[in-house]
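# Structure at a glance
Chain by chain, the residues:
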Amino acid sequence: MTEKESATENLISDAMATPSPAKSMGEPGITPLSPSHIQQEDTDQVPSGPSFVVVVAIDFGTTSSGYAYAFTKEPECIHTMRRWEGGDPGVSNQKTPTTILLTPDRKFHSFGYAARDFYHDLDPSESKQWLYLEKFKMKLHTTANLSTETDIQAANGKRVKALDIFAYALAFFKEQALKELSDQTGGDFDNNDVRWVITVPAIWKMPAKQFMREAAYKSGLVTRDNPEQLIIALEPEAASIYCRKLRLHQMIDLGTRTTQNGHSPTDNVGGQMTPAKEHGRRNRQSRTFMVENVIGELWSELEEGDRYVVVDCGGGTVDLTVHQIRLPEGHLKELYKASGGPYGSIGIDYEFEKLLCKIFGQDFVDQFKVKRPAAWVDLMIAFESRKRAAAPDRTNPLNINLPFSFIDYYKKFRGHSVEHALRKSNVDFVKWSSQGMLRMNPDAMNALFKPTIDHIIQHLNELFERPEVSNIKFLFLVGGFAESPLLQQAVQVMLQGRSRIIIPHDVGLTILKGAVLFGLDPGIIKVRRSPLTYGVGVLNRFVEGKHPPEKLLVKDGTRWCTDVLDTFIVADQSVALGELVKRSYTPARPAQQVIVIHVYCSERENAAFISEPGVRKCGTLRLDVSGTECGAARREIQTLMQFGDTEIRAMAVDVATQRTVRASIDFLSH
C-alpha cells in the first residue's frame, strides 16, 4: 500500500502505577512531556504489500448484497457477479436480497432469493422452526455497546448471535466468488490470491467496522495472520471513486431536465419503466463494465480544488461525504467528516407497518408476524415492488396484494373481515379492492416516503450550510434508494440549482464497482477527516489556575493533575493517509507482560478531561511486551497509531532493542 508517512513526536515518561483518585479504574497514569504534532513532507511510495491476482469486493447491504471483481492485470474490466436465481417482478438488479435462512438446528441453509423462496415454500407449522433473518445489518449501527456477543432476532422471534450470521453471509459470498473465479480461470482458484474488500457506511463507528473484520476472520474469508488481505471500504468513498470514471452516456444529469413538474416516468433512472425484455438484454450484455483509464468526461470539467458531495442512499443508512479533487493524479481529499444517519429506504417499510397497525391494530400485526412469519415476508415483498412504482406525478392507485393467510388470520383474530377493518379505520387513502388487495392512493404512498425523505433533506440542508461545503459543483446521488423519483425530486427542489445532480445509470451497483477500484488502489484517498476525537487518560504536572483543584493528586511531593485527555487526534481534523501519531509508554513494573491503555473518544473537538460529559471509553490499546525485558533501567515502548485510513491501526516497537511489540487496538470487548 502506498502511504504517506508522517510522524508526530511525542515523549511520554513513566506510566505511573498509581491509579487516578478521581476515577480509580486501575489505569496507570501516563505522564506526557512536550507533545507536539510534526507533519513531515510527503515521502510517498512505501513498499506495497503482497501482490494479489484479483480484487473481489462484497457490498453487504441492508436490503440487498452482491459482489464484483477485477483482475489486477486488467484493472479496467470490472465484472459483476453472475445473475441470481429467482429475481422479483418489478425489481431488476444484479444484487440479491440480504436474507439468510438457518435450519431449525441453526445451521446455515441458504442466502438471498434462495433463502426467501425456500422459506416461503415451507409449511407454516414448519416455518416457525426455521430461522429467517433480513435487514439485520442495521443492528451494527443501532447497537450502542456492540460486542462479539450481540444477538439479533429472526422472523420467528428466536435470537441468534449476530457474528454468526455475518460470518455465514461472508462465507456464502466467498464460496460464490471463488466458484465463479475458478470457472473463469479453469482451475481451482486460491483464496490467497484474492484481496477482499467489504463495504460499510462511512458513518459507522469503529466497533461496527471491527465487527465486520471479526466476521470475516470467522468466515474464513481471511486469517488473523494476514489482516491486509481484507480492506474495509467506506460506501460513499467507493461511490466517489467510481463516479470519477463516469462517461456522459453512463449517467443522468437531473439539471438538464425540467424541474417544474418533476419528471416523466420514462425518464426514471432505475430503468424499471423500460420494457423488461430490453432491460434483460442490456443486463446480460453488461456484466462486465469497462472503466476507461482516462478520467470520465464529467471529471474533465473538474479543476484543482473543486468540491463535490456524494449522497449514498441505501436501504439502511444515508451517508454524505464531501470530497475535493487534487490534481494531477486526481487524488481525493475529504473536506468534512462523514455524516448521515439511519434514513435508508427501510424507513418507508416501517411507515407501511405503522399504517397496517393503524388499520388492523398493533396487537394483530405483532401476533401475525410471529405466527405467520413467511406470510409477513410475502406481504413486505409485495409492498417493495409497489414502493418502487411511487413517483411524484403518479395519479392511479397502487395495489398491494394481501396474502390469503393475512385475511384468514385476521378474521380468526378479530372475528370480522379485513374489509370491515378498512371501512371502520379512519385511513381515507387506503381502500379495499374486490380482488383482495389494499388499494393505496398515490398520496398515501407518498406520505409513507415523507418522514424518511424529510430526514435526508434536513441533513443535506444542514450540510450545505457549513462553510466547508460552499461552492459544490456536483452532487452525486447513488445507492439503491437514489432510484426513487420522489427522492430525486426532493433533492432537486432543495438544491434549487446550486449544484448539478448526477445519477449514475447503474446506481445500485455504483458502490460495488467503486469498491473494486478502491481495492486496486487503496491510496487514492489521500486525506480523510477524523469523525471523533481520540485520546488516552494521562497525568500532567498540576498548574495552579489552569487545572481544576479537584483533579489534584500529590505523589512523592510532586503535584499531578489527573484525568487529562492526551489527544491523539481531534474530531474533523484532517489526517493524511499513513500519517502516524507517536507516543511512548513504559511498563509500570519491570516484569509487566502486557500494557493495557484505555482509549477514550468524544464528538467534541475541545475535550480536556476524560471525566467530561460526552467523553467515553471506546476501546483499549494492548501492547504485548512479554519477551522484551532487557537490562535497561527503563523500557520505552514507542507506539505508532494510524488514523488516516478507513480503520484505526496501531504498531509498536521496543526502543532499546528495536524489536517489534505486538500492538492491537480493540473497540469491541467491554
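Because the structure is predicted, anything quoted here is derived from the model rather than measured. (Residues numbered from 1 in each chain as written. Predicted model: local features only at pLDDT ≥ 70, side-chain atom pairs only at ≥ 80, totals over all residues. Heavy atoms only, no water.)

### Some points on the overall build of the protein chain
Summing up its helical and strand segments, the protein chain has 16 helices and 34 strands in all. The buried share among the 670 residues of the protein chain stands at 57%. Contacts in the protein chain between residues far apart in sequence, at least 24 positions, make up 72% of those at least 6 positions apart. Total accessible area on the protein chain is roughly 28100 Å²; 51% of this is exposed by carbon and sulfur atoms. (Helix = DSSP H or I, 4+ residues; strand = E, 2+ residues; numbered from the N terminus. Buried < 20%, exposed > 50% of the residue type's maximum accessible area, 1.4 Å probe, protein only. Contact = heavy atoms within 4.5 Å. Areas by Shrake-Rupley, 256 points an atom, 1.4 Å probe, with all protein chains shown as cover.)

### As for empty space enclosed by the protein
Considering all chains together, one arrives at three cavities of 30 Å³ or more under this definition. By volume, the largest cavity amounts to about 810 Å³. Thr 63, Ser 64, Ser 345, Glu 384 and Arg 388 are, among the 45 residues lining the largest cavity, the residues nearest its centre. The set of elements that each furnish at least two residues to the lining of the largest cavity consists of β6 (96-97), α1 (113-121), α9 (346-360) and α11 (373-387). Per-element tally for the lining of the largest cavity: the top contributor is α11, with five residues. By residue class, the composition of the lining of the largest cavity is 13 nonpolar, 18 polar and 14 charged. (1 Å grid on protein atoms, 1.4 Å probe; cavity = no way out; pocket = protein on both sides within 12 Å on 5 of 7 lines; lining within 4 Å. Points joined across faces, edges and corners; volume = space filled by probe spheres on them. Nonpolar A, V, L, I, M, F, W, Y, C, P; charged D, E, K, R; others polar.)

### Looking at unusual backbone geometry
The backbone of Asp 563 shows a phi angle near 65°, a positive value even though the residue is not glycine. Inspection of the secondary structure assignment puts Asp 563 in strand β27 (residues 558-569). In this structure Asp 563 comes out as buried when scored by relative accessible area, which is 4%. Positive phi outside glycine occurs at Asp 572, with the angle close to 65°. Looking at the secondary structure, you find Asp 572 in the loop between β27 and β28 (574-576).

### Quick notes on the sheet that holds strand β7 (residues 99-102)
Strand order across the open sheet formed by three strands is β8-β7-β9, with antiparallel pairing between neighbours. At either margin of the open sheet sits one strand with a lone partner, and together these are β8 (108-111) and β9 (131-134). Here the average twist between neighbouring strands, direction ignored, is 20°. Bridge analysis of β7 against β9 gives four bridges, and the strand direction is antiparallel. Note on β9: the bridge partner recorded for Thr 99 is Glu 134. (Pairing = 2+ DSSP bridges. Axes fitted to C-alpha atoms, helices over the stretch in contact; angles between N-to-C directions.)

### Here's the deal with the environment of Gly 316
Structurally, Gly 316 is set in the loop between β16 (307-313) and β17 (318-326). The class of Gly 316 is buried, set by a relative accessible area of 2%. Sequence-wise, Gly 316 and Lys 137 are 179 residues apart; in three dimensions their C-alpha atoms are separated by 7.8 Å. Aside from chain neighbours lying at most four places away, what touches Gly 316 is Thr 62, Met 138, Gly 341, Pro 342, Tyr 343, Gly 344 and Ile 346.

### A closer look at the pattern of salt bridges
Taken as a whole, this structure holds 31 salt bridges when the rule is applied. Between Lys 555 and Asp 556 there is a salt bridge, and its shortest N-O distance comes to 3.6 Å. Lys 555 sits in the partly exposed class, given a relative accessible area of 28%. On the accessibility criterion, Asp 556 (73% relative accessible area) is exposed. (Salt bridge = Lys/Arg side-chain N within 4 Å of Asp/Glu carboxyl O.)

### Comments concerning the sheet that holds strand β20 (residues 430-433)
Taken in spatial order, the three strands line up as β19-β21-β20 in an open sheet, and their pairing is antiparallel. Both outer strands of the open sheet, β19 (398-401) and β20, are each paired with one neighbouring strand and no more. Taking each pair of neighbouring strands and ignoring which way they run, the sheet shows an average axis angle of 30°. Taken together, the four bridges between β19 and strand β21 (residues 437-440) define a ladder with antiparallel strand orientation.

### A word on helix α12 (residues 404-414)
Of all the residues in α12, the buried ones are Ser 405, Phe 406, Tyr 409 and Tyr 410. Considered in projection along α12, the buried side chains sweep an arc of 130° and stay on one side of the axis. Away from the buried face of α12 by more than 90 degrees, exposed residues Phe 404 and Lys 412 are located. Elements that come into contact with the buried residues of α12 comprise α9, α10 (362-371), α11 and α13 (418-424). Just past α12, the residue Gly 415 takes up positive phi, approximately 80°. (Arc of directions from axis to C-beta.)

### As for the packing of aromatic side chains
The way to describe two aromatic rings as a pair is by their centre distance and the angle between their planes. The tally for this structure, following the rule as stated, stands at 31 aromatic pairs. When the centroid spacing of 4.4 Å and the interplanar angle of 0° are considered together, the rings of Tyr 119 and Tyr 132 count as stacked. You can see Tyr 119 sitting in helix α1 and its partner Tyr 132 sitting in strand β9, a full 13 residues away along the chain. For Tyr 119, a relative accessible area of 1% puts it in the buried group. Following the ring pairs from residue to residue traces out a cluster consisting of Phe 360, Phe 364, Phe 368, Phe 406, Tyr 409, Tyr 410 and Phe 413. The cationic tip of Arg 541 hangs over the ring face of Trp 560; the distance from NZ or CZ to the ring centre is 5.2 Å. (Phe/Tyr/Trp six-rings, centres within 6.5 Å; stacked < 30°, edge-to-face > 60°. Lys NZ or Arg CZ within 6 Å of the ring centre and 35° of its normal.)

### Details of the packing of α9 against helix α14 (residues 442-464)
Contact pair α9 / α14: the axes reach a minimum separation of 8 Å and the direction vectors enclose 135°. It follows from the interaxial angle that α9 and α14 lie oblique. Classified by chirality, the crossing of α14 by α9 is right-handed. In contact with Gly 347, Ile 348, Glu 351, Phe 352 and Leu 355 of α9, α14 contributes Leu 448, Phe 449, Pro 451 and Thr 452. Grouping the amino acids of the contact of α9 with α14 by side-chain chemistry returns six nonpolar, two polar and one charged. (Parallel < 35°, antiparallel > 145°, perpendicular 65-115°, else oblique. Left-handed = near helix turned anticlockwise from the far one by under 90°.)

### Remarks on the nonpolar core
Grouped together as the largest cluster of nonpolar side chains are 150 residues, with contacts concentrated most on Phe 352, Phe 360 and Leu 460. For this core, the element with the most residues is helix α4 (residues 162-185), which contributes 11 residues. Filtering out sequence-adjacent residues up to four positions away, Leu 460 remains in contact with Val 311, Leu 320, Leu 475, Val 491 and Met 494. With 31 residues, the next largest nonpolar core counts Met 206, Cys 561, Val 581 and Leu 623 among its residues. (Core = buried A, V, L, I, M, F, W, Y, C linked by side-chain atoms within 4.5 Å.)

### Quick notes on the environment of Val 53
The topology assignment puts Val 53 in the loop between β2 (29-33) and β3 (54-60). Between the C-alpha atom of Val 53 and that of Phe 71, which follows or precedes it by 18 residues, the distance is 5.9 Å. Once residues lying within four places of it in the same chain are set aside, the contact partners of Val 53 are Phe 71, Thr 72, Phe 189 and Asp 193.

### Focus on the pairing of β16
Within β16, six of the seven residues are buried, which leaves the element mostly enclosed by the surrounding structure. With seven bridges connecting them, β16 and β17 associate as antiparallel partners. From the neighbouring strand, Cys 313 faces β17, where its bridge partner is Val 318. The turn joining β16 and β17, which pair antiparallel and follow one another in sequence, is formed by four residues. Note: β16 against strand β22 (residues 472-478), six bridges, orientation parallel. Along β22, the bridge assignment pairs Val 309 with Leu 475.

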